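Commentary on secondary and tertiary structure
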Amino acid sequence: GAGVSQSPRYKVAKRGQDVALRCDPISGHVSLFWYQQALGQGPEFLTYFQNEAQLDKSGLPSDRFFAERPEGSVSTLKIQRTQQEDSAVYLCASSPASAGELFFGEGSRLTVL
Amino acid sequence: QKEVEQDPGPLSVPEGAIVSLNCTYSNSAFQYFMWYRQYSRKGPELLMYTYSSGNKEDGRFTAQVDKSSKYISLFIRDSQPSDSATYLCAMEDTGRRALTFGSGTRLQVQP
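Summarised in this report is the structure supplied together with it. Bear in mind that the values here come from a model prediction, so they are computed numbers and not experimental data.

A few words now on the state of the cysteines. One pass over the structure, following the stated rule, counts 2 disulfides over all chains. Between the sulfur of A:Cys23 and that of A:Cys92 lies a disulfide, 1.9 Å long from S to S. Judged by the sign of its S-S torsion, about -70°, the bond between A:Cys23 and A:Cys92 is left-handed. One end of the pair, A:Cys23, is in strand E3 (residues 19-24); the other, A:Cys92, is in strand E9 (residues 88-95), with 69 residues separating them in the sequence. Here A:Cys23 matches A:Cys92 in class, with each residue buried. Between the sulfur atoms of B:Cys23 and its disulfide mate B:Cys89 the distance is 2.0 Å. The chirality of the disulfide connecting B:Cys23 with B:Cys89 is left-handed, given an S-S dihedral of about -100°. Of the two residues, B:Cys23 is situated in strand E3 (residues 19-25) and B:Cys89 in strand E9 (residues 85-93); the sequence distance between them amounts to 66 residues. For the pair B:Cys23 and B:Cys89, a shared accessibility class is recorded, and that class is buried.

This is the structure we're talking about:
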């Protein structure tokens, strides 16, 4: 595709609901990343995949957060039992190799009421 | 204390001015240094990518890294209203693919 595509762009959830955020990386990109960006802050690393392997999940804030990339392409970030502090923009980025420039999507803005 | 510190601004300058944006960091393991630009409700886009100390120039943009002082800068010459955005510094250490971002500086260039 032309760029990294994320859906939904906006999601409102009631506290306690589960949400799933999708990322479609640039075709052929090996590496995929998820970041969380709170209002007025810089992005914070959540997790990293190389193909289908999740190589680093040290940034996931709790066991309510889960990410997968089963076929090494599309990825889903799942948040269970959402809390108000989960409200943020979730950014996905991909990279053509194991090093180098990251290409970010426009993000999924999650609001938990 | 955060690993990367960045003044949030906002920084307001007239069109044509030279802009200086800065970050300090505390982690000596950082080896790669980047500047991203983020427009409102958009994802960050890479502006500059440098490795080790020194200067790198690309058009109106110059990135400087001083590893001895743990200080990086981005200079924008002949600033334009279209440069109005949030500028994020980011750093990466060797062996780990996770970027550590500053909190971003909001820049407004007045026509």
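Back to the write-up after that little detour.
This brings us to the pattern of salt bridges. Residues and elements named next belong to chain A. Applying the stated criterion across every chain, the model contains 10 salt bridges over all chains. We note a salt bridge from Glu68 to Lys78, for which the minimum N-O separation is 3.4 Å. With a gap of 10 residues between them, Glu68 in strand E7 (residues 65-68) and Lys78 in strand E8 (residues 75-79) connect regions that are remote in the sequence. Its relative accessible area of 26% is what places Glu68 among the partly exposed residues.

It is worth spelling out the sheet that holds E7(A) at this point. Residue and element names in this part refer to chain A. Read from one edge to the other, the open sheet built from 4 strands follows the order E1-E3-E8-E7, with strand pairing classed as antiparallel. Each edge of the open sheet is held by one strand with a lone partner, namely strand E1 (5-7) and E7. Ignoring strand direction, the axes of neighbouring strands in this sheet form an average angle of 15°. Bridge count for E7 against E8 is 4 bridges, and the pairing is antiparallel. What sits directly across from Glu68, in E8, is Thr76.

On the side of chain B, 16 residues touch chain A, which itself brings 26 residues to the contact. Contact with chain B buries area across many residues of chain A, yet A:Pro43, A:Phe104 and A:Glu106 alone supply 25% of it, more than any other trio. One can count 2 salt bridges joining chain A with chain B. In this structure, the salt-bridge partner of A:Glu106 is B:Lys42, at a minimum N-O distance of 2.8 Å.

B:Trp35, B:Ile72, B:Leu74, B:Ile76, B:Tyr87 and B:Met91 are the most contacted members of the largest nonpolar core, which has 23 residues in total. Elements with a contribution of two residues or more to this core: E3, strand E4 (30-38), strand E5 (45-51), strand E7 (61-66), strand E8 (71-76), E9 and strand E11 (105-110) of chain B.

Moving on to the sheet that holds strand E1 (residues 4-6) of chain B. All names here are of chain B. Across the sheet, 5 strands lie side by side as E1-E3-E8-E7-E6; this open sheet has antiparallel pairing. Each of the sheet's edge strands pairs with one partner strand only, and the pair in question is E1 and strand E6 (54-58). Across this sheet, the average inter-strand angle for adjacent strands is 15°, counted without regard to direction. Note that E3 and E8 share 6 bridges and pair antiparallel. By the bridge assignment for E8, Cys23 is matched with Ile72.

This paragraph deals with the environment of B:Met48. Residues and elements named next belong to chain B. Mapped onto the secondary structure, Met48 falls in strand E5. Take Met48: its relative accessible area is 2%, and that puts it in the buried class. Linking Met48 and Tyr36, residues 12 residues apart in sequence, is a C-alpha distance of 7.2 Å. If sequence neighbours within four positions are ignored, Met48 has contacts with Phe33, Met34, Trp35, Lys56, Glu57, Asp58, Phe61, Thr62, Ala63 and Leu74.

Between A:Ser7 and the following residue, A:Pro8, the backbone shows a cis peptide bond with an omega angle of -10°. Of note, the bond from B:Gly9 into B:Pro10 is cis; its omega dihedral lies within 30 degrees of zero at 10°. With respect to the helices and strands, B:Pro10 occurs in the loop between E1 and strand E2 (11-14). Backbone geometry places B:Lys70, a non-glycine residue, at a positive phi of 55°.

Rules used in this analysis
Residues numbered from 1 in each chain as written. Chains lettered and ligands numbered in written order. Predicted model: local features only at pLDDT ≥ 70, side-chain atom pairs only at ≥ 80, totals over all residues. Heavy atoms only, no water. Disulfide = S-S within 2.5 Å. Helix = DSSP H or I, 4+ residues; strand = E, 2+ residues; numbered from the N terminus. Buried < 20%, exposed > 50% of the residue type's maximum accessible area, 1.4 Å probe, protein only. Salt bridge = Lys/Arg side-chain N within 4 Å of Asp/Glu carboxyl O. Pairing = 2+ DSSP bridges. Axes fitted to C-alpha atoms, helices over the stretch in contact; angles between N-to-C directions. Contact = heavy atoms within 4.5 Å. Buried area = accessible area lost by both parts, 1.4 Å probe. Core = buried A, V, L, I, M, F, W, Y, C linked by side-chain atoms within 4.5 Å.

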